[in-house]
Amino acid sequence: MKVKVDRDACIGCGLCASLCPEVFQLDDEGKSTVVNPDGCDGCDCNEVAEQCPAAAIILE
């Protein structure tokens, strides 16, 4: 599974980074970025995508 963030949709709440820090971090602009696109083995990226209030997490 590949994971991406729609940075235009991201509101920077940080939920993804708190639930799955091995995959997501907030950058200098306060928006989520994927730091390890293959890291979903260590956390539930499906749950993170479902919990995102901006629906900015894209799973492929």
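Residues numbered from 1 in each chain as written. Predicted model: local features only at pLDDT ≥ 70, side-chain atom pairs only at ≥ 80, totals over all residues. Heavy atoms only, no water.

*Asks:* What's the story with the nonpolar core in this structure? I'm lost.
*Replies:* For soluble globular proteins, nonpolar side chains are generally found buried alongside one another. Val3, Cys20, Val23, Phe24, Cys45, Val48 and Ile57 are the most contacted members of the largest nonpolar core, which totals 16 residues. Here the element with the most residues in this core is helix 2 (residues 45-51); it accounts for three residues. (Core = buried A, V, L, I, M, F, W, Y, C linked by side-chain atoms within 4.5 Å. Buried < 20%, exposed > 50% of the residue type's maximum accessible area, 1.4 Å probe, protein only. Helix = DSSP H or I, 4+ residues; strand = E, 2+ residues; numbered from the N terminus.)

*Asks:* Please clarify how the pattern of salt bridges should be interpreted in this entry.
*Replies:* Two side chains bearing opposite charge may form a pair once their charged atoms approach each other closely. For the structure shown, the criterion picks out three salt bridges. The partner of Arg7 in a salt bridge is Glu29, and the shortest N-O contact between them spans 3.2 Å. Here Glu29 lies in the loop between strand 2 (24-26) and strand 3 (32-34) and Arg7 lies in the loop between strand 1 (3-5) and helix 1 (15-19), a separation of 22 residues in the sequence. Classification of Glu29 by relative accessible area gives exposed; the value is 63%. (Salt bridge = Lys/Arg side-chain N within 4 Å of Asp/Glu carboxyl O.)

*Asks:* What is the right way to look at the environment of Leu59 in this model?
*Replies:* With respect to the secondary-structure elements, Leu59 resides in strand 4 (residues 57-59). As for Leu59 and Val23, which are separated by 36 residues in sequence, their C-alpha atoms are 12 Å apart. Apart from residues lying up to four places away in sequence, Leu59 is in contact with Met1, Lys2, Val3, Cys45, Asn46 and Ala49. (Contact = heavy atoms within 4.5 Å.)

*Asks:* Got a minute to help me understand the state of the cysteines in this structure?
*Replies:* Disulfide: a covalent bond formed between the sulfur atoms of two cysteine residues. Counting across every chain of the model gives two disulfides. In this model Cys20 forms its disulfide with Cys43; the gap between the sulfur atoms is 1.7 Å. For the disulfide bridge between Cys20 and Cys43, the dihedral angle about the S-S bond is near -50 degrees, and by the sign convention the bridge is left-handed. Taken together, the residues span a long stretch of sequence, with Cys20 in the loop between helix 1 and strand 2 and Cys43 in the loop between strand 3 and helix 2 at a distance of 23 residues. Of the residues examined, Cys43 reaches a relative accessible area of 15% and is grouped as buried. Bridging Cys40 to Cys45, the disulfide has an S-S length of 2.0 Å. Residues Cys40 and Cys45 are joined by a disulfide whose S-S torsion is about -90 degrees; by sign, that bridge is left-handed. Taken individually, Cys40 and Cys45 each receive the classification buried, so the pair is uniform in this respect. Unpaired in this structure, Cys13 has its nearest cysteine sulfur neighbour in Cys52, at a distance of 6.0 Å. For Cys13, a relative accessible area of 48% corresponds to the partly exposed category. (Disulfide = S-S within 2.5 Å.)

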